[in-house]
Amino acid sequence: LAKTTQPISMDSYEGQEVNITCSHNNIATNDYITWYQQFPSQGPRFIIQGYKTKVTNEVASLFIPADRKSSTLSLPRVSLSDTAVYYCLVVPTGRSNDYKLSFGAGTTVTVRA
Amino acid sequence: DSGVTQTPKHLITATGQRVTLRCSPRSGDLSVYWYQQSLDQGLQFLIQYYNGEERAKGNILERFSAQQFPDLHSELNLSSLELGDSALYFCASSAGPSSSGNTIYFGEGSWLTVV
């Protein structure tokens with residue numbers, strides 16, 4: 001299974017764009033990159049998933065270069081309520097194996113006024 | 001609201017006791033997952049059930065057990081509780097048999113404090 005590496009923490013200010021880069025050098029052909037967000041004392045929440053190039057939804061954008069060895073989650077114009085832990089996961093698809101969705105330490109993003 | 005319901009939200013119990021945490025998955029989801037999150041261990045996968053059968057097992061202690069019932073709700077039983085079992089226990093669900101390729105939805109968690 002591909003291991004991911006992401007920064008432990010990031011600080012930002014309201015209105016700024018926050019970019020979190022995740023490294024996954026051993027990503028396999030059938031793997032997707034998935035990001036979850038977790039607020040204090042709440043369960044993680046799926047925010048975005050992508051395979052290559054760029055994916056955008058109402059919450060974030062996900063940029064994946066051609067070699068797919070890294071990905072960047074972009075949070076536009078953050079607010080105080082975006083303060084959370086963000087987890088990068090590499091999830092295999094296309095086979096119904098007993099994959100155990102494991103979360104690393106994540107990146108703690110703190111947004112200040 | 002993820003649609004995953006967990007009870008109780010908070011629970012305080014003494015060492016050596018036994019507790020049961022309950023989870024109702026999202027409507028239509030057949031898979032249920034249990035996770036433990038403590039301050040020093042992060043989010044740890046415990047066990048997964050799919051349509052009543054155990055599907056995957058993680059770092060679940062022998063003192064812990066789980067099951068999924070015919071109506072698809074699940075229970076996590078924690079026995080001989082120790083102080084170190086104090087944590088936030090999450091239940092999650094997904095439509096398919098595996099977390100691969102399926103978005104999983106987490107409940108709000110059950111806070112367990114062992115005193």
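Up top is the structure.
Residues numbered from 1 in each chain as written. Chains lettered and ligands numbered in written order. Predicted model: local features only at pLDDT ≥ 70, side-chain atom pairs only at ≥ 80, totals over all residues. Heavy atoms only, no water.

Colleague: Break down the overall build of chain B for me, with residues and values.
Modeller: Looking only at helices and strands, chain B has 0 helices and 11 strands in total. Reading the helices (α) and strands (β) of chain B from amino to carboxyl end gives β-β-β-β-β-β-β-β-β-β-β. Relative to the compact-globule value of 13 Å for 115 residues, chain B shows a C-alpha radius of gyration of 13 Å, a close match. Buried residues in chain B amount to 50% of all 115 residues. One finds the centroid of the 7 positive side-chain charges in chain B at a distance of 2 Å from the centroid of its 11 negative side-chain charges. (Helix = DSSP H or I, 4+ residues; strand = E, 2+ residues; numbered from the N terminus. Rg over C-alpha atoms; globule rule 2.2 N^0.38 Å. Buried < 20%, exposed > 50% of the residue type's maximum accessible area, 1.4 Å probe, protein only. Lys, Arg positive; Asp, Glu negative; His and termini not counted. Charge placed at Lys NZ, Arg CZ, Asp CG, Glu CD.)

Colleague: Tell me about the layout of surface pockets, and please be specific about residues and values.
Modeller: If a probe the size of a water molecule is rolled over the atoms, the empty space left behind becomes visible. Taken as a whole, the largest pocket spans an internal volume of roughly 380 Å³. Elements that contribute at least two residues to the lining of the largest pocket include exactly β8 (84-92) and β9 (107-112) of chain A together with β4 (31-38), β9 (87-94) and β11 (110-114) of chain B. Its residues placed into classes, the lining of the largest pocket shows 12 nonpolar, 10 polar and no charged. (1 Å grid on protein atoms, 1.4 Å probe; cavity = no way out; pocket = protein on both sides within 12 Å on 5 of 7 lines; lining within 4 Å. Points joined across faces, edges and corners; volume = space filled by probe spheres on them. Nonpolar A, V, L, I, M, F, W, Y, C, P; charged D, E, K, R; others polar.)

Colleague: Got a sec to walk through the environment of Ala 66 of chain B? Specific residues and values, please.
Modeller: All names here are of chain B. Along the chain, Ala 66 falls in strand β7 (residues 64-68). The buried category is assigned to Ala 66, whose relative accessible area is 13%. Here the alpha-carbon distance between Ala 66 and Arg 22, two residues 44 residues apart in the chain, equals 9.7 Å.

Colleague: Quick rundown of the sheet that holds strand β1 (residues 5-7) of chain B? Include the residues and the values.
Modeller: All names here are of chain B. The sheet built from 4 strands is open, its strands ordered β1-β3-β8-β7 with antiparallel pairing. If you trace the sheet from one side to the other, it starts and ends with β1 and β7, each paired once. Neighbour to neighbour, the strand axes of the sheet diverge by 15° on average, direction disregarded. Bridging between β1 and strand β3 (residues 19-24) involves 3 bridges; their strand directions are antiparallel. Bridging from a neighbouring strand, Gln 6 pairs with Cys 23 of β3. (Pairing = 2+ DSSP bridges. Axes fitted to C-alpha atoms, helices over the stretch in contact; angles between N-to-C directions.)

Colleague: Break down the packing of aromatic side chains for me, with residues and values.
Modeller: Following the criterion strictly, the structure yields 11 aromatic pairs over all chains and no others. Where Tyr 36 of chain A meets Phe 106 of chain B, the ring centres are 6.4 Å apart and the plane angle is 85°; that geometry is what we call edge-to-face. Taken together, the positions of Tyr 36 of chain A in strand β3 (residues 31-38) and Phe 106 of chain B in strand β10 (residues 105-106) put the pair across two chains. On the basis of an interplanar angle of 85° and a centroid distance of 6.2 Å, the ring pair of Phe 90 of chain B and Phe 106 of chain B is categorised as edge-to-face. (Phe/Tyr/Trp six-rings, centres within 6.5 Å; stacked < 30°, edge-to-face > 60°.)

Colleague: Can you explain the pattern of salt bridges? Please cite residues and give values.
Modeller: One pass over the structure, following the stated rule, counts 4 salt bridges over all chains. The salt bridge partner of Arg 112 of chain A is Asp 11 of chain A, with a shortest N-O separation of 3.2 Å. Taken together, the residues Arg 112 of chain A in strand β9 and Asp 11 of chain A in strand β1 (residues 9-13) connect sequence positions 101 residues apart. On the accessibility criterion, Arg 112 of chain A (41% relative accessible area) is partly exposed. Measuring nitrogen to oxygen at the nearest pair gives 2.9 Å for the salt bridge that ties Arg 26 of chain B to Asp 29 of chain B. You can call Arg 26 of chain B partly exposed: its relative accessible area is 25%. (Salt bridge = Lys/Arg side-chain N within 4 Å of Asp/Glu carboxyl O.)

Colleague: Please provide a residue-by-residue account of the sheet that holds β8 of chain A, values included.
Modeller: All names here are of chain A. As summarised here, the arrangement of the 5 strands in space is β1-β9-β8-β3-β4, forming an open sheet in which the pairing is mixed. The strands lining the two open edges of the sheet, one partner per strand, are β1 and β4 (45-50). When the angles between neighbouring strand axes are averaged without regard to direction, this sheet yields 25°. Of the pairings in the sheet, the one linking β1 to β9 comprises 5 bridges and is parallel in character. When the bridges of β9 are listed, Met 10 appears paired with Val 109.

Colleague: A description of the state of the cysteines should follow, citing residues and the corresponding values.
Modeller: For the structure shown, the criterion picks out 2 disulfides over all chains. Between the sulfur atoms of Cys 22 of chain A and its disulfide partner Cys 88 of chain A the distance amounts to 2.2 Å. As the torsion about the S-S bond is roughly -85°, the Cys 22 of chain A-Cys 88 of chain A disulfide counts as left-handed. With Cys 22 of chain A in strand β2 (residues 18-23) and Cys 88 of chain A in strand β8, this residue pair connects regions lying 66 residues apart in the sequence. The side chain of Cys 23 of chain B participates in a disulfide bridge whose partner is Cys 91 of chain B; the two sulfur atoms lie 1.8 Å from each other. Here Cys 23 of chain B and Cys 91 of chain B share a disulfide; its torsion about the S-S bond, -60°, makes the bridge left-handed. Here Cys 23 of chain B, found in strand β3, pairs with Cys 91 of chain B, found in strand β9; they are 68 residues apart in sequence, far enough to count as distant. For the residue pair Cys 23 of chain B and Cys 91 of chain B, the accessibility class agrees, reading buried in each case. (Disulfide = S-S within 2.5 Å.)

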